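# Report on the structure
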Amino acid sequence: MRAPFDALAPEELGELAAQTELEFYVSGAPILTEDGGPVTFLRVIHSGAVDIIHDGRLLDMLGTGDAFGHAAMLSGLPPGFEARAAEDTLCYRIPVSVARPLLDRVNRREIELAAGPPNHRPVTRMLRSPTVRCEPMESIREVARRMTEVGATSAIVDLRVGGFGIVTDRDIRTKIVAAGLPLSAPVSTVMTTPVFTVTPDRLGGEVLFELLERGIRHAPIVSEGGQLIGVIEDADLFPAQSRSWFGVRRSISRASSAEDLALVARRLPDVVADLHAARLHAPEVVRVVSALADALTTRALELVTPAPGEGVVWVAVGAQARRELTPASIARGAVVCSQPPPPGWTRSVGEVLRACGFLGEVVARSTEEWTRNVGEDELELSVLIERRALWGTPIDPLPAPEGSSREAVVAALARRARAAVPPTGFDADSVLEEGGGRSDRLDIRQAAVAPIVELARWGSAAAGVFEGSTPERLLAAAGGGVLSEAEARTLVDAFDLALELRIGHHMSRIAVGQPPDDEIEPAEISPLMRDHLRDVFRAVTSVQRRLRG
């Protein structure tokens with residue numbers, strides 16, 4: 001990677017200079033060896049060139065200003081490659097105790113400049129409107145008057161031992177008309193209970209996405225002792241340009257026909273453009289995209305008649321199950337059923353979803369059928385180890401591999417994890433492939449994201465965990481002893497970087513009116529981004545090497 005220390009404060013530069021040493025290597029001399037001990041120094045090339053080699057094959061070529069040993073230094077693992085002077089080379093050698101905190105801060109700054117500041121304030125610091133409290137038997141007219149006086153869009157109904165209820169301005173407008181209630185009726189007749197609540201220490205960004213996923217606008221803030229502190233609403237949590245997320249979410253829930261739903265789905269590119277304008281981090285972008293895909297899928301299932309009875313469950317699989325859908329991803333799902341759905345139901349569901357831009361055949365099987373023949377089929381594996389229930393009322397537990405079936409699944413996932421080989425580096429305007437070839441395009445998904453996802457799927461399944469995001473799965477694999485803590489943390493950091501780069505590429509294409517894809521020309525990748533990608537490639541390769549034995 002490239003070491004951008006130019007923005008450090010004077011005292012930090014002084015400490016860096018005091019701790020840095022110069023090393024000279026003659027052409028052909030080894031600097032790092034593949035099976036050497038843990039790397040405790042970051043090296044920056046002052047002059048000369050360094051070849052990165054594995055099994056006698058050139059993986060990457062580094063020049064003046066490039067750094068190496070970064071990923072191994074952070075993980076505390078052997079480098080897994082050989083660094084050899086390609087010509088007489090002078091290097092700066094910086095101890096890990098000095099380099100690590102500085103590089104961590106520089107990397108955070110680079111990502112913040114690219115994606116904008118995340119919302120890390122507690123919800124209690126974001127309250128704007130006064131809180132209206134009322135009793136269950138107060139009239140709707142009186143509660144509405146008090147809400148109007150203070151400009152509140154909701155009121156909290158104190159149910160005493162029963163917790164809280166909530167009534168919103170929309171409840172008053174719609175439920176009264178729908179039910180033909182008089183304004184003198186008690187507010188308890190239009191309230192919602194139980195209520196989704198949050199604790200005072202919750203961060204605004206986290207709550208924002210939970211509101212979006214649940215399709216609601218308000219959340220009472222309640223202390224651990226049960227005391228009401230206030231009510232946070234969506235408008236408190238996001239900038240004006242991001243309101244379209246919730247507008248589309250509400251339009252989805254109100255769609256009364258498949259045609260209406262398809263029209264709403266066509267607005268999703270505009271939402272993605274808003275995400276770009278809001279300068280969100282990649283994990284926030286994929287969570288918004290996934291939440292809207294969840295809502296579209298659920299509403300499509302609700303609109304198809306006749307509705308199936310209990311025991312029919314729709315599960316999201318793949319990136320949607322992990323809540324990692326990007327603007328270029330394809331949402332996928334499957335049906336787990338205790339009894340067959342009504343004739344023609346799966347076909348009708350597929351037609352509505354295809355009209356909304358979701359491709360693929362709807363497959364419905366029983367739990368026994370999903371677990372009967374474990375092989376290499378991607379959909380079968382996803383239903384078993386990477387699913388999230390979205391809709392329906394289950395009768396039986398969702399399928400999970402057990403015994404010999406689990407062994408077969410883990411073995412299949414291990415094969416996939418070994419096969420998802422990333423490139424090794426860059427040579428001018430080409431990508432250096434693992435087999436020694438060169439490519440004029442970098443598929444950011446196949447090269448950087450998918451290999452980490454496959455390692456996480458294998459590791460978490462081996463640890464008995466079948467749900468969660470990629471970072472959560474990696475940490476679960478470490479908790480189960482399948483990966484070391486250092487390996488898991490290194491892969492989590494690598495995944496965050498790879499996802500940020502992928503989303504950044506999608507957003508750059510959307511900004512100029514082009515459809516998002518994963519194909520990047522190497523000439524468009526900045527030196528800093530190349531350095532980040534090298535770290536991702538090497539982190540994945542080191543774990544794959546151990547997996548291959």
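Just so you know, these numbers come straight off a predicted model, no measurement behind them.

## A short note on the overall build of the chain
- Helix and strand counts for the chain come out as 20 helices and 22 strands.
- Relative to the 2.2 N^0.38 estimate, which gives 24 Å for 549 residues, the radius of gyration of the chain is 27 Å and therefore close to what a compact globule would have.
- Overall, the C-alpha framework of the chain stretches about 90 × 60 × 45 Å when taken along its three principal axes.
- Looking at the chain as a whole, 50% of its 549 residues qualify as buried.
- For the chain, long-range pairs separated by at least 24 residues make up 71% of all intrachain contacts whose partners lie at least 6 apart in sequence.

## A look at unusual backbone geometry
- A cis geometry characterises the amide bond from Thr193 onward to Pro194, with omega recorded as 0°.
- If you trace the backbone, Pro194 turns up in the loop between helix H5 (169-179) and helix H6 (204-214).
- For Arg323, which is not glycine, the phi dihedral falls at a positive 60°.
- Along the chain, the position of Arg323 falls in the loop between helix H12 (318-321) and strand S15 (332-337).
- Judged by its relative accessible area of 33%, Arg323 is partly exposed.

## Some remarks on the nonpolar core
- Counting 103 residues, the largest nonpolar core has Trp245, Trp314, Leu442, Trp458, Leu491 and Leu533 as the members making the most contacts within it.
- Among the elements that line this core, the one with the most residues is helix H11 (residues 282-303), at 12 residues.

## Side note on the pattern of salt bridges
- Taken as a whole, this structure holds 33 salt bridges when the rule is applied.
- Note that Glu302 is salt-bridged to Arg299, the shortest N-O span being 2.9 Å. Placement of both Glu302 and Arg299 in helix H11 is noted, with a separation of 3 residues, approximately one turn of the helix.
- Here the salt bridges share partners, and the residues they tie into one network are Arg322, Glu324, Glu378, Glu386, Arg416, Glu454 and Arg457.

## Considering helix H13 (residues 345-355)
- If you check which residues of H13 are buried, you get Trp345, Val349, Gly350, Val352 and Leu353. Looking straight down H13, one finds that the buried residues subtend no more than 165° of arc, so they occupy a single side.
- Along its buried surface, H13 packs onto helix H9 (258-265), H11, strand S14 (312-317), S15 and strand S17 (387-392).
- Just past H13, the residue Gly357 takes up positive phi, approximately 95°.

## Quick notes on empty space enclosed by the protein
- Scanning the model with the defined rule gives 3 cavities of 30 Å³ or more in all.
- Taken as a whole, the second largest cavity encloses approximately 70 Å³ of empty space.
- Per-element accounting of the lining of the second largest cavity gives the leading share, 3 residues, to strand S13 (residues 228-233).

## Regarding the environment of Ala389
- Checked against the element boundaries, Ala389 lands in strand S17.
- For the pair Ala389 and Val315, spaced 74 residues apart in sequence, the C-alpha to C-alpha distance is 4.3 Å.
- Not counting chain neighbours up to four residues away, the residues in contact with Ala389 comprise Val313, Trp314, Val315 and Leu398.

## Here we look at the sheet that holds strand S11 (residues 164-168)
- As summarised here, the arrangement of the 3 strands in space is S9-S10-S11, forming an open sheet in which the pairing is mixed. The open sheet has two edge strands with one neighbour each: strand S9 (133-134) and S11.
- Summarising the sheet, strand S10 (residues 154-158) and S11 pair through 5 bridges and their orientation is antiparallel. When the sheet's bridge partners are listed, Ser154 is paired in S11 with Thr168.

## Thoughts on helix H4 (residues 140-150)
- Those residues of H4 not exposed but buried are Ile140, Val143 and Met147. Along the long axis of H4, the arc covered by the buried residues comes to 70°, so they all point the same way. Exposed positions of H4 whose direction lies more than 90 degrees from the buried face are Thr148 and Glu149.
- A positive phi of about 75° marks Gly151, the residue just after H4.

## A word on the packing of aromatic side chains
- Taken as a whole, this structure holds 2 aromatic pairs when the rule is applied.
- Each ring, one from Trp345 and one from Trp391, has its centre 5.9 Å from the other, and the planes form 20°; the classification is stacked. One end of the pair, Trp345, is in helix H13; the other, Trp391, is in strand S17, and 46 residues separate them in sequence. Accessibility assignment for this pair places Trp345 and Trp391 in one class, buried.

## Observations concerning the side chain of Thr298
- With respect to the helices and strands, the residue Thr298 is situated in helix H11.
- A relative accessible area of 18% places Thr298 in the buried class.
- Those residues within four positions of Thr298 in sequence are excluded, and the remaining contacts are Leu390 and Trp391.

## Quick notes on the packing of H11 against H13
- Running from N to C, H11 and H13 cross one another at 135°; their axes reach a closest spacing of 9 Å. On the basis of the axis angle, H11 is oblique to H13. Where H11 crosses over H13, the handedness of that crossing is right-handed. On the side of H11, the interface is formed by Thr297, Ala300 and Leu301, while H13 contributes Trp345, Val349, Val352 and Leu353.

## A look at the confidence of the model for the chain
- The predicted model of the chain averages 84 in pLDDT, with 90% of residues at 70 or higher.
- When pLDDT is averaged over each helix and strand of the chain, the minimum, 59, is found for helix H3 (residues 96-115) and the maximum, 95, for helix H18 (residues 470-479).
- Overall, residues 109-118 carries pLDDT values under 50, and its contacts beyond four positions in sequence, including any with other chains, amount to 19 contacts.

## A word on the environment of Tyr25
- Of note, Tyr25 is situated in strand S1 (residues 21-25).
- When its relative accessible area of 13% is taken as the criterion, Tyr25 is described as buried.
- Look past the residues within four positions of Tyr25 in its chain and what remains in contact with it is Pro30, Ile31, Arg43, Ala85, Glu87, Asp88, Thr89 and Cys91.
- A polar atom in the side chain of Tyr25 sits 2.7 Å from the side chain of Glu23.

## Some remarks on the sheet that holds strand S8 (residues 89-95)
- Spatial strand order, S1-S8-S3-S6: 4 strands in an open sheet with antiparallel pairing. Taken across any chain shown, the strands that pair with only one partner, and hence form the sheet edges, are S1 and strand S6 (67-68).
- Bridging between S1 and S8 involves 5 bridges; their strand directions are antiparallel. Residue pairing across strands places Tyr25 opposite Thr89, the latter belonging to S8.

The rules behind each value
Residues numbered from 1 in each chain as written. Predicted model: local features only at pLDDT ≥ 70, side-chain atom pairs only at ≥ 80, totals over all residues. Heavy atoms only, no water. Helix = DSSP H or I, 4+ residues; strand = E, 2+ residues; numbered from the N terminus. Rg over C-alpha atoms; globule rule 2.2 N^0.38 Å. Buried < 20%, exposed > 50% of the residue type's maximum accessible area, 1.4 Å probe, protein only. Contact = heavy atoms within 4.5 Å. Core = buried A, V, L, I, M, F, W, Y, C linked by side-chain atoms within 4.5 Å. Salt bridge = Lys/Arg side-chain N within 4 Å of Asp/Glu carboxyl O. Arc of directions from axis to C-beta. 1 Å grid on protein atoms, 1.4 Å probe; cavity = no way out; pocket = protein on both sides within 12 Å on 5 of 7 lines; lining within 4 Å. Points joined across faces, edges and corners; volume = space filled by probe spheres on them. Pairing = 2+ DSSP bridges. Phe/Tyr/Trp six-rings, centres within 6.5 Å; stacked < 30°, edge-to-face > 60°. Axes fitted to C-alpha atoms, helices over the stretch in contact; angles between N-to-C directions. Parallel < 35°, antiparallel > 145°, perpendicular 65-115°, else oblique. Left-handed = near helix turned anticlockwise from the far one by under 90°. pLDDT = per-residue confidence, 0-100. Polar contact = N/O pair within 3.5 Å; in protein donor to acceptor, adjacent residues only side chain to side chain.

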